Amino acid sequence: MASPKVAVVGAGVIGLSTALCITEICPSCSVTVLSDQFSPNTTSDVAAGMLIPHTYPDTPIHRQKQWFKETFTYLFAISNSAEASEAGIHLVSGWQVFKSTPKEELPFWSDIVLGFRPMSEAELQKFPQHRVGQAFTTLKCDCPPYLLWLEKKLKATGTQMYTRKVSDLWELHSEYDIVVNCSGMGAHQLVGDKQLFPVRGQVLKVHAPWVKQFIRDGDGLTYIYPGIHRVTLGGTRDKGSWSLSPDAGTTSDIFDRCCSLEPSLQGAQDIEVKVGLRPSRQSVRVQREVLSQGGVKLPVVHNYGHGAGGFSVHRGTANEAAHLVGECISALQGSSSRAKL
Amino acid sequence: MRVAIIGAGVIGLSSALCIHEQFHSLVPSLELEVYADHFTPHTTSDGAAGLWQPYVRDHGKLQETLWNKETFDYLLRHLHSPAAKEMGLFLISGYNLFTEPVADPSWKNIVLGFRNLTPKELELFPGYSYGWFNTALMLECRSYLPWLTNRLTQKGVKFFHKKVESFQEVSGDGVDVVINCSGMRAGDLQPDPELQPGRGQIIKVLAPWVKHFIITHDSKSGIYNSPYVIPGSEFTVLGGVYQHGNWSEENSAKDHKTIWDNCCRLLPALQKAKIVQEWSGLRPARPSVRLERESIRLGNLQAEVIHNYGHGGFGITIHWGCAMAAARLFGSILQEKKLATSPGPRL
């Protein structure tokens, strides 16, 4: 197999970063990205892109930590380079505050982000309703810039990208040797994964350029994340809701909750409301599978189900998926040489 | 009672406001007038980025450290008020970088969350082996000075666009007290060889992805002669020039190159930033701030002058503490004239 043809389904942060890792790990591959949506219309575009991990109940912690560490290291290098502004990657400092003391004093990622420490009494004065807090510096991936930057890097490797709705992975078996499934919430339909469920997030993107720090309530429901041009205010975690329509009552509620953490947001302008469905799962599915029909086999690598933590672990899971693609290629080459005997 | 404030930078306007707030109810006849040849956005204060940060060494000037603290605490109290945005006031975190370990500054417990930098953080800044991280405040004068002006105007304070050539000019006109907040030009009103320009030049760029201030220090070149990057609400200020004794307010191409090259080396992402403006200004530098009363004999009249100038590169940082000190001096003048019914309240 001279040039394995790999199709990556999905063009959010997972699809694009996985495609890029594949071009890096298997330079002989010809990679094509297929998706019904591209930036600015993916779920990733709604997300703030903050590197604050979500904990997956069924993925071993050491694996999540490895994914986060790889992602952080990768983005840290970009943030410190001339490409940072084009890639939309920047450092941001801030606080995570808790109304009641959290069970875990030190989250698993505390030694990966920068300068993690408990908040001082003086800092907590700013949050009269909160008892304890953590201060740290982390990274933010602004979208669309980050996705557009990934697309640009992909195009430079000769990767083709097509708008196409894939209804069934099998439909790709005649055109491609390997399919990589990064369809996010789409995997519910595409591969019938009933363990995948939406957690609906509504956010406001506002103009408030004086907000330089992030503030997150440890309950995960209220957060203020300053991006390059807009500040993302959130949010909701409506488990099981498939609605992509903004709700006006929710908008007011989010705004009020954020203003109580940061009163100056009352002066925010130009409020844009967005909704995204976090493609949630008890564990991220990074796994090989072989589909077969009538003696024909199609190797598949899954990389979906990142829920609330897509940005935080994207590069780590993309690398792992790319290595699985490498294994698929070896298996194909092994079987094709066996076929010659 | 007529009071003339000379100067409409951050020092002049805040002194006027502080005096009005403390004494207008005690002295019904109080009339404040501000005289200046430059108003916002053309004052020295307008050129400053607006970061609250004293110099790293206080050289034992405890009074100034106290005024800095009073200013920080005052601003912090206003952070959650509805006026904060209009004042140009917001929190900001950032880095101070050094090439060798240094003692902690006098203001380490004034700012929030002061700590040393971790080795991983220092990886961001090759060439620097030591540093601090803390959360401080920004007070952008392009918003703060108009806010002060509005407050003063609402209170009936009058403004005069005029270059005052001498104290006699205002005191001879029936003004009882002169507050001298003339900054760099104080020497024109009364010679002061200790007041010297600390020339600075800055480049304003569009770099909205920069969320932290970064101030580097080089003990050999001296304060502010090492690159710094300070993100504002709209523009990011790049600087790193402090030329003692240089009176030129012309932008220098050589300084531009120094600032640009050094800041881009510090933050490679800046290479893509769009340059919006260039500006030079003169920090009114003095071995210590001149904040004191003086009685000046002018013919058969005695004029009371309160000097409040010489704040160097830390005017915004120290302004409110100095305004309150000036107000206390004003209170003592009133007591002597038996005009106040009781001593002014201490804020």
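Residues numbered from 1 in each chain as written. Chains lettered and ligands numbered in written order. Predicted model: local features only at pLDDT ≥ 70, side-chain atom pairs only at ≥ 80, totals over all residues. Heavy atoms only, no water.

With an unreviewed UniProt entry as reference, chain B is termed D-amino-acid oxidase, source organism Certhia familiaris. What the UniProt record of chain B gives under Sequence similarities (unreviewed entry) is the line "Belongs to the DAMOX/DASOX family." (UniProt positions renumbered as here; feature names shortened; annotations may be inferred.)

Taking an unreviewed UniProt entry as the reference, chain A is identified by name as D-aspartate oxidase belonging to Certhia familiaris. We quote the UniProt Cofactor (unreviewed entry) comment for chain A here in full: "FAD". Under the UniProt heading Function (unreviewed entry), the entry covering chain A gives this text: "Selectively catalyzes the oxidative deamination of acidic amino acids. Suppresses the level of D-aspartate in the brain, an amino acid that can act as an agonist for glutamate receptors. Protects the organism from the toxicity of D-amino acids. May also function in the intestine."

Moving on, we get to the sheet that holds strand S2 (residues 30-35) of chain A. All names here are of chain A. With respect to topology, 6 strands assemble into an open sheet ordered S6-S2-S1-S7-S15-S14, the strand pairing being mixed. Sheet topology places strand S6 (160-163) and strand S14 (285-293) at the edges, where each strand pairs with a single neighbour. Each strand axis lies, on average, 20 degrees off the axis of its neighbour in the sheet, ignoring direction. Pairing between S2 and S6: 4 bridges, direction parallel. Note on S6: the bridge partner recorded for Val33 is Met161. This element, helix H1 (residues 13-25), spans strand S1 (5-9), S2, S6, strand S7 (178-181) and strand S15 (296-304) of the sheet and lies at about 175 degrees to S2. (Pairing = 2+ DSSP bridges. Helix = DSSP H or I, 4+ residues; strand = E, 2+ residues; numbered from the N terminus. Axes fitted to C-alpha atoms, helices over the stretch in contact; angles between N-to-C directions. Contact = heavy atoms within 4.5 Å.)

With that settled, the discussion passes to the UniProt feature "binding site: FAD" (unreviewed entry) in chain A. All names here are of chain A. Here the UniProt feature "binding site: FAD" (unreviewed entry) sits at Thr43, Ser44 and Val166. Thr43 gets classed as partly exposed once you look at its relative accessible area, which sits at 40%. Looking at where Ser44 falls in the secondary structure, it is placed in helix H2 (residues 43-46). Judged by relative accessible area, Ser44 falls into the buried class, the value being 10%. Apart from the residues lying within four places of it in its own chain, the contact partners of Ser44 are Gly12, Val13, Cys143, Leu147 and Phe311. A polar contact is formed between the side chain of Ser44 and the backbone nitrogen of Val13, at a distance of 2.9 Å. (Buried < 20%, exposed > 50% of the residue type's maximum accessible area, 1.4 Å probe, protein only. Polar contact = N/O pair within 3.5 Å; in protein donor to acceptor, adjacent residues only side chain to side chain.)

What follows covers H1 of chain A. Note: α-helices contain 3.6 residues per turn, so residues at a spacing of three or four share the same orientation. All names here are of chain A. Taking 1.5 Å of rise per residue, 13 residues should cover 18 Å, and H1 covers 18 Å from first to last C-alpha, within 8% of that figure. By the criterion of burial, H1 is predominantly enclosed, with 11 of the 13 residues buried. Those residues of H1 that sit buried are Val13, Ile14, Gly15, Leu16, Ser17, Thr18, Ala19, Leu20, Cys21, Ile22 and Thr23. (Expected span 1.5 Å × (residues − 1).)

The next thing to look at is the packing of aromatic side chains. All names here are of chain A. Evaluated as defined, the whole model comprises 26 aromatic pairs over all chains. Each residue in the set Trp109, Phe116, Phe136, Phe214, Tyr223 and Tyr225 is aromatic and connected to the rest through ring pairs, giving one cluster. Here Lys239 stacks its cationic end above the ring of Phe197, 5.1 Å away from the centre of that ring. Its guanidinium or amino end placed over the ring of Tyr74, Arg315 lies 3.8 Å from that ring's centre, counting from NZ or CZ. (Phe/Tyr/Trp six-rings, centres within 6.5 Å; stacked < 30°, edge-to-face > 60°. Lys NZ or Arg CZ within 6 Å of the ring centre and 35° of its normal.)

Further remarks concern the side chain of Thr32 of chain A. Residue and element names in this part refer to chain A. Structurally, the position occupied by Thr32 is in strand S2. Overall, the relative accessible area of 7% leaves Thr32 in the buried class. The residues contacting Thr32, other than those within four sequence positions of it, are Val6, Ala7, Val8, Thr159, Gln160, Tyr162 and Tyr176.

What follows is about the packing of helix H1 (residues 10-23) of chain B against helix H10 (residues 315-337) of chain B. Residue and element names in this part refer to chain B. Contact geometry for H1 and H10: axes closest at 8 Å, N-to-C directions at 45 degrees. Relative to H10, the element H1 lies oblique. Crossing geometry of H1 relative to H10 is assigned as right-handed. In this structure, H1 contributes Val10, Ile11, Ser14, Ser15, Cys18, Ile19, Glu21, Gln22 and Phe23 to the contact, and H10 contributes Gly315, Ile316, His319, Trp320, Ala323, Met324, Ala327, Phe330, Gly331 and Leu334. Its residues assigned to classes, the contact of H1 with H10 comprises 12 nonpolar, 6 polar and 1 charged. (Parallel < 35°, antiparallel > 145°, perpendicular 65-115°, else oblique. Left-handed = near helix turned anticlockwise from the far one by under 90°. Nonpolar A, V, L, I, M, F, W, Y, C, P; charged D, E, K, R; others polar.)

With that settled, the discussion passes to helix H6 (residues 141-154) of chain B. Residue and element names in this part refer to chain B. The end-to-end C-alpha distance of H6 is 19 Å, a good match for the 20 Å that 14 residues give at a rise of 1.5 Å each. Burial in H6 covers these residues: Cys141, Tyr144, Leu145, Trp147, Leu148, Thr149 and Leu152. Phi for Gly156, located one or two positions after H6, is positive at around 85 degrees.

This next bit is on the environment of Lys205 of chain A. Residue and element names in this part refer to chain A. Within the secondary structure layout, Lys205 lies in strand S8 (residues 197-207). Put simply, Lys205 and Asp270 are 65 residues apart on the chain and 8.1 Å apart in space, counted from C-alpha to C-alpha. Those residues in contact with Lys205 that sit more than four places away from it in its chain are Asp45, Val46, Ala47, Arg230, Val231, Thr232, Asp270, Ile271, Glu272 and Lys274. Of the polar contacts made by the side chain of Lys205, one reaches the backbone oxygen of Asp45; its length is 3.3 Å.

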